[in-house]
Amino acid sequence: MSSQQRRRLIALSIVLVALTASLGLILRAQSGVQPAVNAAFTRYQNLHEGKNADYIPALAKVDPNLFGIAVVTADGRAFTAGDIRTEVSIQSISKVFTMARVIQDQGPESIEKRIGVDATGMRFNSIVSVEFSKKILGGPEMNPLVNPGAITATSMVAGNTADEVWSKIIGTYNDFAGRQLSVLQDVYKSESDSNQRNQAIGMLMYAYEYIKSNPQQAVDLYTRQCSVGVNAKDLAVMAATLAFGGRNPVTGKQAINVEYVPNVLAVMATAGLYDDSGKWLYHTGLPAKSGVGGGIIAISPGKFGIAVVSPPLDDAGNSVRAQRAIRDINTTLGGNPYAVKNRTPTATNNNQ
Ligand code: DON
C-alpha cells in the first residue's frame, strides 16, 4: 500500500468513527422521546376539560376528542401519538410565521418600530390595548402575536396585489412545514362572516397609521392565514424549523435566516400564550404559540420542536391538553433552556 493510500485509509477511518459516534449520540438522545410522547398521550387521552372556541362558528363543530402529539428532532424524525393527520385551522399560530416573513424581508427593527415587541397583558383581540399603547404609552407597545399587531404584520408583507402578498405568506408557511398547505374554506368563510371585531381593529390600526393602506385587504389576508389547515405533524415540523436555526430539518430548506430566529423566539416567549405567557414560561421555559383551533407549538432550541392539537380551550384561549402534554414531555426530555445541568467551572467563573 502506498503512503498516499495509507493516508486516505486513515482519513476514511476517522470520518467513519466520528459518524458512528455522532449517530450513537443522536440515538441515545432520542431513545427517550417516543416513551415520553406515549406517556403524555396515555395520561391525557381521557382529559375532557375546556371547550372548543365558538366565536368562529366553524370551530365549534370540530371534534373535541381530536388529540395528536408530535415531536420532531434535529434529524427530522417525528415521534408521534394519536391523530397526527386530521387538519385543524392554524389560527394564531400563523402569526409567528407572518412575523418571521416580515423580519426576514425587512429586518427585526421593522416589527419593533411599527408594532412593538412587548406583552400587552390584555386579551388577544383587545382594542383597549391599542388605545392604551397610543394614548397612554405614546408608542407602539404591542406585539405581532396579538390581533392588532398581527393584522399590521400581515399588512407589512410587500406585494402589488392581494394574490402576490398571499403567495408570499403561504409560501413561507410551506417552507416551514415542508409541504404545500391550503386554506380550510369552511373556516375561512365562517371567520369572514363573523370577524367584525377584527375589521374594527384593522380600521383602528389604519386610523392610527400603524397600517399604511388597504386595511380591508390586511384583515382578509389575516383571516385567510388563520384558516390554513395543519395537522400536529405539520406544526411540529414548523416548530422544529425554529428549533434548529430556521432550517427545516425534514427538507433541509432554510426558511428564515439563522440570525433572525432569536427575535422570533423572544416574542413567542413573552407573548405566545397571551395572558398566560408568563405562567407558561415559568413552568416550561419554552417559546410557544397557541391558536384557537386547538394547536400549540413549542420550541426547545437545539433540541426539538413539539406540537399538540386538541381543540378544547381554557379561559385564556389555550388548548388544555396541549399545555399539559407539552409540559410533561418537556420535563421528561429536559427541554427547558434555562435549566442548565452542567456545573463544570468555566473560564469566566473560575476567577470568582
Ligand atoms: O383573529 C382571531 O380571532 C382568530 N383568527 C385567531 C385567534 C387566536 O387563535 C387566538 N389564540 N389563542
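Residues numbered from 1 in each chain as written. Predicted model: local features only at pLDDT ≥ 70, side-chain atom pairs only at ≥ 80, totals over all residues. Heavy atoms only, no water.

Regarding the overall build of the protein chain
Of the regular secondary structure elements, the protein chain holds 15 helices and seven strands. Evaluated residue by residue, the protein chain yields a buried proportion of 51% over its 352 residues. Pairs at least 24 residues apart make up 71% of the contacts formed inside the protein chain by residues separated by at least 6 positions. Total accessible area on the protein chain stands at roughly 16200 Å², and carbon and sulfur atoms take up 54% of it. (Helix = DSSP H or I, 4+ residues; strand = E, 2+ residues; numbered from the N terminus. Buried < 20%, exposed > 50% of the residue type's maximum accessible area, 1.4 Å probe, protein only. Contact = heavy atoms within 4.5 Å. Areas by Shrake-Rupley, 256 points an atom, 1.4 Å probe, with all protein chains shown as cover.)

A few points about the environment of Tyr188
Assignment of secondary structure puts Tyr188 in helix α9 (residues 185-193). On the basis of relative accessible area, Tyr188 is assigned to the buried category, the value being 17%. Along the sequence, Tyr188 and Asp220 sit 32 residues apart, while their C-alpha atoms lie 9.3 Å from each other. What Tyr188 contacts, discounting residues up to four positions off in sequence, is Val183, Asp220, Thr223, Arg224 and Ser227.

Some remarks on the sheet that holds strand β6 (residues 295-300)
Strands sit in the order β2-β1-β7-β6-β5 across an open sheet of five strands; the sheet is antiparallel. Two strands in the sheet have a free side with no partner beyond their single neighbour: β2 (78-82) and β5 (288-290). Between one strand axis and the next, the sheet turns by 10° as a mean value, whatever way the strands run. Packing against the sheet, helix α2 (residues 33-44) makes contact with β1 (68-73) and β2, and its axis sits at approximately 20° to β2. Of the strands in this sheet, β1, β6 and β7 (304-309) are in contact with helix α15 (residues 320-333), which crosses β7 at around 155°. (Pairing = 2+ DSSP bridges. Axes fitted to C-alpha atoms, helices over the stretch in contact; angles between N-to-C directions.)

Description of the confidence of the model for the protein chain
Per-chain confidence: the protein chain averages 92 in pLDDT, with 89% of residues scoring 70 or above. When the criterion is pLDDT under 50, residues 15-25 qualifies, and its contacts beyond four places in sequence or with other chains add up to zero contacts. (pLDDT = per-residue confidence, 0-100.)

Some points on a negative patch on the surface
Taken together, the side chains of Glu109, Glu112, Asp118 and Glu141 make up a negatively charged region of the molecular surface. Here Glu141 lies in the loop between α6 (128-137) and α7 (147-156). Overall, Glu141 belongs to the partly exposed group, its relative accessible area being 33%. (Patch = residues over 30% accessible without salt bridge, like charges linked within 9 Å, V, L, I, M, F, W, Y side chains within 5 Å. Salt bridge = Lys/Arg side-chain N within 4 Å of Asp/Glu carboxyl O. Lys, Arg positive; Asp, Glu negative; His and termini not counted. Charge placed at Lys NZ, Arg CZ, Asp CG, Glu CD.)

Some details on the site of the ligand
Among the 14 residues in the neighbourhood of the ligand, the closest are listed as Tyr55, Gln91, Ser92, Glu191 and Tyr222. Between an oxygen atom of the ligand and a side-chain N or O atom of Asn147, the distance comes to 3.0 Å. Within the complex, 99% of the 340 Å² of free accessible area of the ligand lies under protein. Broken down by class, the residue content of the shell around the ligand amounts to six nonpolar, seven polar and one charged. (Near = heavy atom within 4 Å. Polar contact = N/O pair within 3.5 Å; in protein donor to acceptor, adjacent residues only side chain to side chain. Nonpolar A, V, L, I, M, F, W, Y, C, P; charged D, E, K, R; others polar.)

Here's the deal with the pairing of β2
Relative to β2, β1 runs antiparallel, the two sharing five bridges. Note on β2: the bridge partner recorded for Ile69 is Ala81. Counting the residues between successive antiparallel strands, the hairpin from β1 to β2 contains four residues, one of them, Gly76, with a positive phi of roughly 85°.

With respect to the pairing of β7
When you tally the buried positions in β7, you get six out of six residues, the bulk of the element. By the alternation rule, side chains of β7 split into Phe304, Ile306 and Val308 and Gly305, Ala307 and Val309, which are all buried. Bridge analysis of β1 against β7 gives six bridges, and the strand direction is antiparallel. Bridge assignment links Ile69 to a residue of β7, and that residue is Val308. Both β6 and β7 contribute to a ladder of six bridges, which runs antiparallel. For Gly295, the partnering residue across the bridge sits in β7 and is Val309.

Structural notes on unusual backbone geometry
Unlike most non-glycine residues, Glu209 shows phi in positive territory, near 65°. With phi around 45°, Asn214 is a residue other than glycine that occupies positive phi space. By the element assignment, Asn214 lies in the loop between α10 (196-207) and α11 (215-226).

A short note on the environment of Gly116
With respect to the helices, strands and loops of the structure, Gly116 is situated in the loop between α5 (108-114) and α6. For Gly116, a relative accessible area of 2% translates into the label buried. In the structure, Gly116 is positioned 25 residues away from Glu141 in sequence and 4.8 Å away in space, judged by C-alpha atoms. For Gly116, the residues in contact, after removing those within four places along its chain, are Ile111, Pro140, Met142, Asn143 and Pro144.

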